[in-house]
Amino acid sequence: MSDVIANHCFVCGPDNPRGLRLEFELRDGACHSVFTPSADHVGYHDVVHGGLLFSVLDDVMANWLYLQDIQAFTGKANVRYRQEGRVGDALVLRGWCVEHKGRLYKMASEAVSSATGKVVCEADAVFMRAR
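Conventions and cut-offs
Residues numbered from 1 in each chain as written. Predicted model: local features only at pLDDT ≥ 70, side-chain atom pairs only at ≥ 80, totals over all residues. Heavy atoms only, no water. Helix = DSSP H or I, 4+ residues; strand = E, 2+ residues; numbered from the N terminus. Expected span 1.5 Å × (residues − 1). Buried < 20%, exposed > 50% of the residue type's maximum accessible area, 1.4 Å probe, protein only. Contact = heavy atoms within 4.5 Å. Pairing = 2+ DSSP bridges. Phe/Tyr/Trp six-rings, centres within 6.5 Å; stacked < 30°, edge-to-face > 60°. Lys NZ or Arg CZ within 6 Å of the ring centre and 35° of its normal. Core = buried A, V, L, I, M, F, W, Y, C linked by side-chain atoms within 4.5 Å. Patch = residues over 30% accessible without salt bridge, like charges linked within 9 Å, V, L, I, M, F, W, Y side chains within 5 Å. Areas by Shrake-Rupley, 256 points an atom, 1.4 Å probe, with all protein chains shown as cover. Salt bridge = Lys/Arg side-chain N within 4 Å of Asp/Glu carboxyl O.

Here helix H1 (residues 50-66) spans 24 Å end to end across 17 residues, near enough to the 24 Å set by a 1.5 Å rise per residue. The buried count for H1 comes to twelve of 17 residues, which makes it a mostly enclosed element. For H1, the full list of buried residues reads Leu-52, Leu-53, Val-56, Leu-57, Asp-58, Asp-59, Val-60, Met-61, Ala-62, Asn-63, Trp-64 and Leu-65. Tucked into the core, H1 has its buried residues touching strand E1 (25-27), strand E2 (30-35), strand E3 (72-81), strand E4 (91-101), strand E5 (104-113) and strand E6 (119-129).

Here it is in C-alpha cells:
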C-alpha cells in the first residue's frame, strides 16, 4: 500500500501540521500507540474532548488494518467512556481484530491511563475493506 495514502490523516499523518502525528506499531497481535493530550485537546478544563478520544481509538483500529496492507473504512462504531481523560496523562492505545468475514472486520480498542492503569474509554467498530 502506498505510504502517501494517510500522510495527511489528522491522527497519524506525518505531513499534517495541525495533526496529532501518532505513530502506530503492530505487536502481539494488536496495534499500539501512545497519545499524551495537551491543553489544546480539551472540552472542559483539563478534560480531553470525547470526540478526540474516539478519533484516536478509531485510528488505532484502522491502523491495525493499514499496517497489514488492508485499506478499510469505518462503517459503524460504538464508544464507551469510563472516566475522563486528563491533560498530560499519557493514554496507552491498543486496537485489535475480533472477527473477519469477507469485506468486514470487527475491531475493538481501548485507551488506558498510564497514571492509573484504568481504562479511560473503549470502542468497537466494523470496518469495510475498500474494493
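Judged by how many residues are buried, E5 sits mostly within the fold: eight of ten residues are covered. Where E4 hands over to E5, the hairpin turn is made up of two residues, of which Gly-102 adopts a positive phi near 60 degrees. Joining the antiparallel neighbours E5 and E6 is a turn of five residues, in which Gly-117 adopts a positive phi near 75 degrees.

With that settled, the discussion passes to the packing of aromatic side chains. Counted by the stated rule, this structure contains zero aromatic pairs. Here the basic side chain of Arg-94 rests over the ring of Trp-96, its NZ or CZ set 4.1 Å away from the ring centre.

One finds Leu-65, Leu-93 and Phe-127 to be the most contacted residues of the largest nonpolar core, which totals 29 residues. Counting only elements with at least two residues in this core, the list comes to E2, H1, E4, E5 and E6. Ranked by residue count, the leading element in this core is H1, at nine residues.

The next subject is a nonpolar patch on the surface. On the surface, Phe-73, Leu-104 and Met-128 cluster together to form a nonpolar patch covering roughly 270 Å² of accessible area. Of note, Met-128 is situated in strand E6. Taking relative accessible area as the criterion, Met-128 reaches 35% and is therefore assigned partly exposed.

Now for the pattern of salt bridges. Enumeration over the complete set of coordinates arrives at five salt bridges. A salt bridge links Arg-27 to Glu-25; the shortest N-O distance between them is 2.2 Å.

Tracing the backbone shows Leu-65 in helix H1. In this structure, the C-alpha to C-alpha distance between Leu-65 and Phe-127, residues 62 residues apart in sequence, is 9.1 Å. Apart from residues no more than four positions distant in its own chain, Leu-65 is found in contact with Ile-70, Ala-72, Tyr-105, Met-107 and Phe-127.

Any functional reading would require information that these geometric values do not contain.
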